[in-house]
Amino acid sequence: MLTAALLKHLGAICTQYPETFDIHPKVEKLLKQRLGAFENNQPLDWGNAETLAFATLLAEGHPVRLSGQDSARGTFSNRHAILVDQTNEDRFIPLNHLSSTQAKFDIVESPLSEAAVLGFEYGYSTVAPDTLVLWEAQFGDFANGAQVIIDQFISAAESKWQQTSGLVLLLPHGYEGQGPEHSSARLERFLQLCTDDNWQIVNCSTPANYFHVLRRQVLMTRPKPLIVMTPKSLLRHKSAVSDLKDFGAGTHFQPVISEKIVTNPRAVILCSGKVYYDIHKVIGPDIAIIRLEQFYPFSEQDLMSALLPYKDVKVIWCQEEPMNMGGWSFIEPRLRGMGLSPKYIGRPSAASPATGYAHRHLAEQNQIISQILAL
């Protein structure tokens, strides 16, 4: 059982290293912050949540394997799963020092040969169903280089050959003005391939939901590939945190997250991922927000329950991606099938996933906010 005491114990171990270890000062500061969150009952950020997910699975006897360029440090310096001694370059992996009975944690910093690496990890996942096998793209866009593996195997192998896999793809996704090659994990491409219960696609907005979806991946009865739109700026966003109680016994992954019920609402906004934090800080008290955390399998019942208090209220779908990308083309016909007439707010259709100019990015973001404020 995931008690608070167990979570704190595992979290603390993951911040420890040998006394003689000459650790980098910045990494030492990060580990002290993570330890302080457990000791002082403070909310946990994304890095702490992921480490806890790995630690709890390892403690329960489930091996964990993660590969990808910069996977040890994390592209955005968010993981630091391997500690390096600054004097002698010795390496120390806290996740392999939880207990004498734990399963093994493997982390591989692989080259930027996405098709080869993802193909290997897919094969590994098919013969190790009890292992949490993850591949992380340095940026979500880099999965383009492995599209043949995604199309031919990950999305279709169960239908073609009855070959199951629990492989996890971690694809950093989010519009922060970093240009067309470092913004979009091409969510729309994965959604276009959704059918026959072939995989799962999530865009979590809280560390606790990310924790639960990783654990669910190993504990589910029949493995399915999992595509995760992982965050960048939310890794350190002060509001993108979760209380320890949201990780313990009795809690679970939430396909849909609804805010507190708004009385006399004039609109309800549906959204997914980072854009929630962009719009949450500007909306008035008469606007409701519902977050879609799992696109597929589409949880119509959960969404209908969340929308129940807002019958006959204007429904908005808000996204940060262009209109011909992101979730709009997937969600719009499903909302209409539920008897709704959603309005779109987001970037207009575009050939490029994102602009390469910071000032234009900010103008586009401000235009989205302006449309929200004009509701």
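Look up a bit, the structure's there.
Quick caveat, the model's predicted, so the values are computed rather than measured.

## With respect to the sheet that holds strand S13 (residues 315–322)
Then, in step 1: Strand order in this open sheet of five strands is S9-S11-S10-S13-S14, and the pairing throughout is mixed. Two strands bound the open sheet, and with one partner strand each, they are strand S9 (256–258) and strand S14 (343–347). If you compare each strand with its neighbour and ignore which way they point, the axes differ by 25° on average.
Then, in step 2: Set on the sheet, helix H10 (residues 300–307) makes contact with S9, strand S10 (267–271) and strand S11 (287–292); between it and S9 the angle comes to about 10°.
Then, in step 3: Across the sheet, helix H12 (residues 358–373) is in contact with S10, S13 and S14; its angle to S14 comes to roughly 160°.

## Digging into empty space enclosed by the protein
Then, in step 1: One pass over the full model with this rule turns up seven cavities of 30 Å³ or more.
Then, in step 2: The calculated volume of the largest cavity comes to roughly 140 Å³.
Then, in step 3: If you trace the largest cavity, you find 16 residues lining it, with Cys 14, Arg 34, Thr 51, Arg 79 and His 80 closest to the centre.
Then, in step 4: Per-element tally for the lining of the largest cavity: the top contributor is helix H3 (residues 46–59), with five residues.

## A closer look at the environment of His 24
Then, in step 1: Here His 24 shows up in the loop between helix H1 (4–13) and helix H2 (25–39).
Then, in step 2: Between the C-alpha atoms of His 24 and Thr 87, which are 63 residues apart in sequence, the distance is 9.8 Å.
Then, in step 3: A polar side-chain atom of His 24 sits 3.1 Å from the main-chain amide nitrogen of Lys 26.

Analysis parameters
Every chain begins its residue count from 1, and numbering advances along the sequence as written. In keeping with the predicted nature of the model, local features appear solely for residues at pLDDT of at least 70, side-chain atom pairs appear and are counted solely at 80 or more, and the whole-chain, interface and lining totals rest on all residues. Working from all heavy atoms in the structure, the side-chain values ignore hydrogens and water. Each pair of strands is called paired provided DSSP finds at least two bridges between the two strands. The secondary structure listing takes helices from DSSP runs of H or I that are at least 4 residues long and strands from runs of E that are at least 2 residues long, numbered from the N terminus. Only the contacting stretch of a helix is used when fitting its axis, a line to C-alpha atoms as for every element, and angles between N-to-C directions run 0 to 180 degrees. Residue contacts follow a heavy-atom distance rule, with two residues in contact if any of their heavy atoms lie within 4.5 Å. Cavities and pockets were defined on a 1 Å grid built from protein atoms only: a cavity is a group of points that admits a 1.4 Å probe but offers it no way out, a pocket is an open group of points flanked by protein on both sides within 12 Å along at least five of seven lines, and a lining residue is one with an atom within 4 Å of any such point. Grid points are joined across faces, edges and corners, and a volume is the space filled by probe spheres set on the points. Here a polar contact is taken to be a pair of N or O atoms separated by no more than 3.5 Å, where protein atoms must pair a possible hydrogen donor with a possible acceptor and residues adjacent in sequence count only if both atoms sit in side chains.

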